[in-house]
Each structure stands twice: as C-alpha cells, then as structure tokens.
Amino acid sequence: MAAYTLTIHGGAGTILREDMTPELEAAYTRGLQEALDAGYTLLDKGGTALDAVLAATRSLEDCILFNAGRGSVFANDGSQEMDASVMDGKTLMAGAVAAVRHIRNPVDLAYTVMTQSQHVLLIGKGAEDFAALHEIKTEPDEYFFSPFRYEQWKKMQGTNEAALDHNVKVTDKKFGTVGAAACDMHGNIAAATSTGGMTNKQWGRVGDSSVIGAGTYANNKTCAISCTGHGEMFIRAVTAYDVSCLMEYKGLSLQEAMEIVVYDKLMKIDGEGGMVGVDAKGNAAMVFNSEGMYRGMRSSTKISEIKIYK
Ligand code: ASP
C-alpha cells in the first residue's frame, strides 16, 4: 500500500497577518479543515484520488469565504462567472467548464463533462444546457452573492482593471480560488481547481483554472497540480504541465520542479501565485511567490498541517 496524501489550497495573494482578525483566521482555518477532512476520509477508506479532490473542492466551493462556487467574485457586468476543471492522472481523462453561471458546484460539472461527454471543455450557455441535461444542481444569484465580494467589485467597477480577489484592498479581506491534489493508496493521483476568477474581469474571460495544463494537470507518471494566481500568466507559462515536464524530462523531484516554475519562470513574467501538488508516491508540495496562500495537507505518513502565511 502506497502512502496516501491530500493537499488543498484556498487561493494565494497579499495575505498578511496584520490584515487578519483572529475570528477570520479561525473561519478560514475551519473552512480548510473541513475540506481536508472531506477528502482525506475518502482516501483513508481506500477511495480514489479523483473522489478525494472532488470532495475537497466541493467543500471549498460551498464555503462563502473562498472565491469559488458560493462567494465567487463579480465580473465587470456584475455577473458571477465560474471556471473549474478536474484531471485523472491514471487515465489522463480531463473535464472543464468556463464562464458558467448559477452552477452550485462547478467542479461537479467539470467531472460530468469528463465522464458524460466526448469533450474536455464546455463554456457558457452550452455548458449550462449540458448541466441541465445531467441534472446538475443550480442556484439563484442570491446563493452566490457575498456582500464583501460585491463591495470589492464596486471599488473597481467602471475601470479597465481586473484584480486577484486577494489583492483588492478592502478591510476584512477575503480570498481564494480553490483546488486540491491527491494521491490514493493505489498510487493513483488527481487534481481539481475551481474559481470565480478575477474581480472586475471582462465577462466571458476564461482563466487558467479551466485550462488543462495551465491551472490543473495530473499524470500518474509525474504529478497532480492545482494552481492559483494571476491566470493570464499561468496560461502563458503552461504552469501545471511545466512542473510535470521538469519531472519527466529532467528527473526533478516535485518540490524542485515546483520551485523552478513558481520562483523563476512565473516571477520572470510577473506571475503572482502558487500551487499545491502531489506525486504518485504520496509526496506533497505547496509553493507560492505571493505573501501568503491558504493551504493544507494531510498524509498517511502522519503529516497534517494548515497554513496561511509565508
Ligand atoms: N487563477 C484564477 C484566475 O485567474 C484566480 C485565482 O487563482 O485567484 O481566474
């Protein structure tokens, strides 16, 4: 039996201890803990890495503190459009959705695209029609609304700028695209990512979180990765796949490969953010070049941690 591990993130960015209240910090820690528990319980029972990343990501989507599912940020037209993806490292199957509205758990829709369609990526209205056909749960606008995100957007409305939700300067800051990577006891790995994207983004914009190879990638031969950060740079750097390539072609470890991509390649193009990942031996890594990243990992080797700051 191989070591099994789950690692998760709730977004990276300018997350500073001095901006945080003890109550808020406790709430974030609770949100991360619940997601870790949701995924790890499955791994512990012999479940698959794929099921574990779906469960953890779903739990984070349901938590209003994080920028995914409920609590997603607002686009420039005041809508909440979400992106998500999932990849199975055993089969190299992948599914993704982009710019979808009203889907309660976008990661479940991404999984349904992977398992019930012949495609990898569905967008907008087409993805929503597909969701209806497969009885994917939807919610009204009110469900996704968070006063905090609305205030963030109001500060940027009418400008041509889009910002990482983590970096919008308002009091009581809330952050976070979400994602997970897992290795199960059979040595199979998987990754999933879900987001509302960037505050005040052009509606119709697609970020890295739904682009396989950029925000999400999984291959049993190398690693499973979920990213968070300025999506345009992560797409241009083909970030998640680059970690896999460094491992496959150069024989680097997961940690070494991630450090090159996050500290060197991304930083050269001002790509702020980070990632979490696992390899098929159950090793995990969490690397970021921003002030902080909501993150956690739990492994059958007894490692269990949740961290926010550097
Ligand atoms: N990567 C996401 C995007 O660009 C944002 C984030 O990670 O917070 O849509």
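Note that this is a predicted model, so its numbers are computed, not measured. (Residues numbered from 1 in each chain as written. Predicted model: local features only at pLDDT ≥ 70, side-chain atom pairs only at ≥ 80, totals over all residues. Heavy atoms only, no water.)

### Re the overall build of the protein chain
A count of helical and extended segments in the protein chain gives 9 helices and 12 strands. Here the protein chain has a C-alpha radius of gyration of 17 Å; the compact-globule value for 310 residues is 19 Å, and the two agree. Expressed as lengths along the three principal axes of its C-alpha atoms, the size of the protein chain is roughly 50 × 45 × 35 Å. For the protein chain, the residues scored as buried account for 60% of the 310 residues in total. Looking at the protein chain alone, contacts between residues at least 24 apart form 70% of all its contacts between residues at least 6 apart. When the accessible area of the protein chain is evaluated, it comes to approximately 12,100 Å², of which 52% is carbon and sulfur surface. (Helix = DSSP H or I, 4+ residues; strand = E, 2+ residues; numbered from the N terminus. Rg over C-alpha atoms; globule rule 2.2 N^0.38 Å. Buried < 20%, exposed > 50% of the residue type's maximum accessible area, 1.4 Å probe, protein only. Contact = heavy atoms within 4.5 Å. Areas by Shrake-Rupley, 256 points an atom, 1.4 Å probe, with all protein chains shown as cover.)

### Describing the site of the ligand
Thr-177, Arg-205, Asp-208, Thr-228 and Gly-229 are the nearest of the 13 residues found near the ligand. Here a nitrogen atom of the ligand and a side-chain polar atom of Asp-208 are 2.6 Å apart. For the ligand, whose free accessible area comes to 270 Å², the fraction covered by protein is 100%. (Near = heavy atom within 4 Å. Polar contact = N/O pair within 3.5 Å; in protein donor to acceptor, adjacent residues only side chain to side chain.)

### Re the sheet that holds strand S8 (residues 223-229)
Sheet architecture is open: 4 strands sit in the order S7-S8-S9-S10, paired in antiparallel fashion. Each edge of the open sheet is held by one strand with a lone partner, namely strand S7 (216-218) and strand S10 (284-288). Looking at each pair of strands side by side, their axes are set apart by 10° on average, direction ignored. Both S8 and strand S9 (residues 273-279) contribute to a ladder of 7 bridges, which runs antiparallel. (Pairing = 2+ DSSP bridges. Axes fitted to C-alpha atoms, helices over the stretch in contact; angles between N-to-C directions.)

### What about the pattern of salt bridges?
Within this structure, the stated rule accounts for 11 salt bridges. Close ionic contact of Arg-58 with Asp-108 constitutes a salt bridge, the shortest N to O distance being 3.0 Å. On the criterion of sequence distance, the pair formed by Arg-58 in helix H2 (residues 49-62) and Asp-108 in helix H3 (residues 106-116) is long-range, its members being 50 residues apart. One salt bridge in this structure joins Glu-81 and Arg-101, with 3.0 Å as the shortest N-O distance. One end of the pair, Glu-81, is in the loop between H2 and strand S2 (82-88); the other, Arg-101, is in the loop between strand S3 (93-100) and H3, with 20 residues separating them in the sequence. Residue Glu-81 is classed as buried on the basis of its relative accessible area of 3%. Salt bridges sharing common partners tie together Asp-77, Glu-81 and Arg-101. (Salt bridge = Lys/Arg side-chain N within 4 Å of Asp/Glu carboxyl O.)

### A word on the side chain of Asn-188
Mapped onto the elements of the fold, Asn-188 is located in the loop between strand S5 (178-183) and strand S6 (189-195). Under the relative-accessibility criterion, Asn-188 is labelled buried at 16%. Among residues more than four places away in sequence, those in contact with Asn-188 are Ala-49, Lys-90, Ala-182, Cys-183 and Asn-220.

### Description of the packing of helix H1 (residues 22-44) against H2
Packed helices, taken two at a time, are described by their axes: the angle between them and the distance between them. With their axes 8 Å apart at the nearest point, H1 and H2 run at an angle of 160° to one another. Judged by the inter-axis angle, H1 sits roughly antiparallel to H2. Crossing geometry of H1 relative to H2 is assigned as right-handed. In contact with Gly-31, Leu-32, Glu-34, Ala-35, Ala-38, Gly-39, Leu-42 and Leu-43 of H1, H2 contributes Ala-49, Asp-51, Ala-52, Ala-55, Ala-56, Ser-59 and Leu-60. Its residues assigned to classes, the contact of H1 with H2 comprises 10 nonpolar, 3 polar and 2 charged. (Parallel < 35°, antiparallel > 145°, perpendicular 65-115°, else oblique. Left-handed = near helix turned anticlockwise from the far one by under 90°. Nonpolar A, V, L, I, M, F, W, Y, C, P; charged D, E, K, R; others polar.)

### Observations concerning the packing of aromatic side chains
Counting across every chain of the model gives 11 aromatic pairs. With a centroid separation of 4.3 Å and an interplanar angle of 25°, the aromatic rings of Tyr-28 and Tyr-294 are classed as stacked. Placement of Tyr-28 in helix H1 and of Tyr-294 in strand S11 (residues 292-299) is noted, with a sequence separation of 266 residues between them. In terms of burial, Tyr-28 and Tyr-294 fall into one category: buried. (Phe/Tyr/Trp six-rings, centres within 6.5 Å; stacked < 30°, edge-to-face > 60°.)

### What about the environment of Ala-56?
On the secondary structure map, Ala-56 appears in helix H2. Taking C-alpha positions, Ala-56 is 20 Å from Lys-281, a pair spaced 225 residues apart along the chain.

### Considerations on H1
Compared with an ideal rise of 1.5 Å per residue, which puts 23 residues at 33 Å, H1 spans 31 Å between its outermost C-alpha atoms and is within 8% of the ideal. Along its buried surface, H1 packs onto strand S1 (5-13), H2, S5, S11 and strand S12 (304-309). Of the residues trailing H1, Gly-46 is marked for its positive phi of about 90°. (Expected span 1.5 Å × (residues − 1).)

### Here we look at the pairing of S9
In terms of burial, S9 is a largely internal element, 7 of the 7 residues being buried. Covered by surrounding structure in S9 are Gly-273, Met-275, Gly-277 and Asp-279 together with Gly-274, Val-276 and Val-278, the residues of both alternating faces. With 5 bridges joining them, S9 and S10 adopt antiparallel strand pairing. Note on S10: the bridge partner recorded for Met-275 is Val-287. Where S9 folds back on S10, the antiparallel hairpin that results is connected by 4 residues, among which Gly-282 adopts a positive phi of roughly 90°.

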